[in-house]
Amino acid sequence: MFSGAVPPWASVLFGLGAALNLVTFFVYGWDKRQAKLGGDRVPEKKLWLLILIGGGAGAWAGMQVFRHKTRKTSFILPAIACTLPWVALVGFVAYRSFS
């Protein structure tokens, strides 16, 4: 049951997650800019890795805001697969904390 007190490590973890998602958002924006300018691109595997290590919210926001990789099924399906473990983890933690 959730007691209302937030342990100090949770604040640090939240801050790191927010920073990772912000960086991921801007990496997607950078890659879109490079695509338009014909410059060096960020490999798709690195974009997926950013999702896998916890930058999923930033990635999905970046995909929508920059309209980047949204119609490429060969990119979207692995991106979904990288996001699902995080969705499950957040759901599990929320369930355990608030039930």
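The preceding data block contains the structure.
Since we're looking at a predicted model, the values are computed, not measured.

S.K.: I'm lost on a nonpolar patch on the surface in this one. Help?
M.R.: On the surface, a nonpolar cluster with roughly 370 Å² of combined accessible area is contributed by Leu77, Ile80, Leu84 and Val87. Note on placement: leucine 84 falls in helix H3 (residues 73-98).

S.K.: Would you mind showing me how to read the packing of aromatic side chains here?
M.R.: Applying the stated criterion across every chain, the model contains 4 aromatic pairs. Plain terms: the ring middles of tyrosine 28 and phenylalanine 75 are 6.4 Å apart, the flat faces sit at 65 degrees to each other, and that makes the pair edge-to-face. Highlighted residues: tyrosine 28 in helix H1 (residues 8-37) and phenylalanine 75 in helix H3, separated in sequence by 47 residues. For phenylalanine 75, a relative accessible area of 0% puts it in the buried group. Through successive ring pairs, a cluster of aromatic residues spans Phe25, Phe26 and Phe66. Lying across the ring of phenylalanine 75, lysine 69 places its NZ or CZ 5.3 Å from the centre.

S.K.: Is there a simple way to explain the nonpolar core in this structure?
M.R.: Within the largest apolar cluster, 13 residues are counted, with the highest numbers of intra-cluster contacts made by Tyr28, Leu47, Ile51 and Phe75. No other element matches the 6 residues that helix H2 (residues 44-65) contributes to this core. Not counting residues up to four positions away in its chain, the partners in contact with tyrosine 28 are Leu47, Ile51, Ala59, Gly62, Met63, Phe66, His68 and Phe75.

S.K.: Quick question: what am I supposed to make of H1 here?
M.R.: Note: α-helices contain 3.6 residues per turn, so residues at a spacing of three or four share the same orientation. A rise of 1.5 Å per residue sets the reference length of H1, with its 30 residues, at 44 Å; its end C-alpha atoms lie 44 Å apart and thus fit the reference within 8%. Three or more residues of H1 are buried, namely Asn21, Thr24, Phe25, Val27, Tyr28, Gly29, Asp31 and Gln34. Each element contacted by the buried residues of H1 is listed here: H2 and H3. Of the residues trailing H1, glycine 38 is marked for its positive phi of about 75 degrees.

Reading the values: rules and limits
- Residues numbered from 1 in each chain as written.
- Predicted model: local features only at pLDDT ≥ 70, side-chain atom pairs only at ≥ 80, totals over all residues.
- Heavy atoms only, no water.
- Patch = residues over 30% accessible without salt bridge, like charges linked within 9 Å, V, L, I, M, F, W, Y side chains within 5 Å.
- Areas by Shrake-Rupley, 256 points an atom, 1.4 Å probe, with all protein chains shown as cover.
- Salt bridge = Lys/Arg side-chain N within 4 Å of Asp/Glu carboxyl O.
- Helix = DSSP H or I, 4+ residues; strand = E, 2+ residues; numbered from the N terminus.
- Phe/Tyr/Trp six-rings, centres within 6.5 Å; stacked < 30°, edge-to-face > 60°.
- Buried < 20%, exposed > 50% of the residue type's maximum accessible area, 1.4 Å probe, protein only.
- Lys NZ or Arg CZ within 6 Å of the ring centre and 35° of its normal.
- Core = buried A, V, L, I, M, F, W, Y, C linked by side-chain atoms within 4.5 Å.
- Contact = heavy atoms within 4.5 Å.
- Expected span 1.5 Å × (residues − 1).

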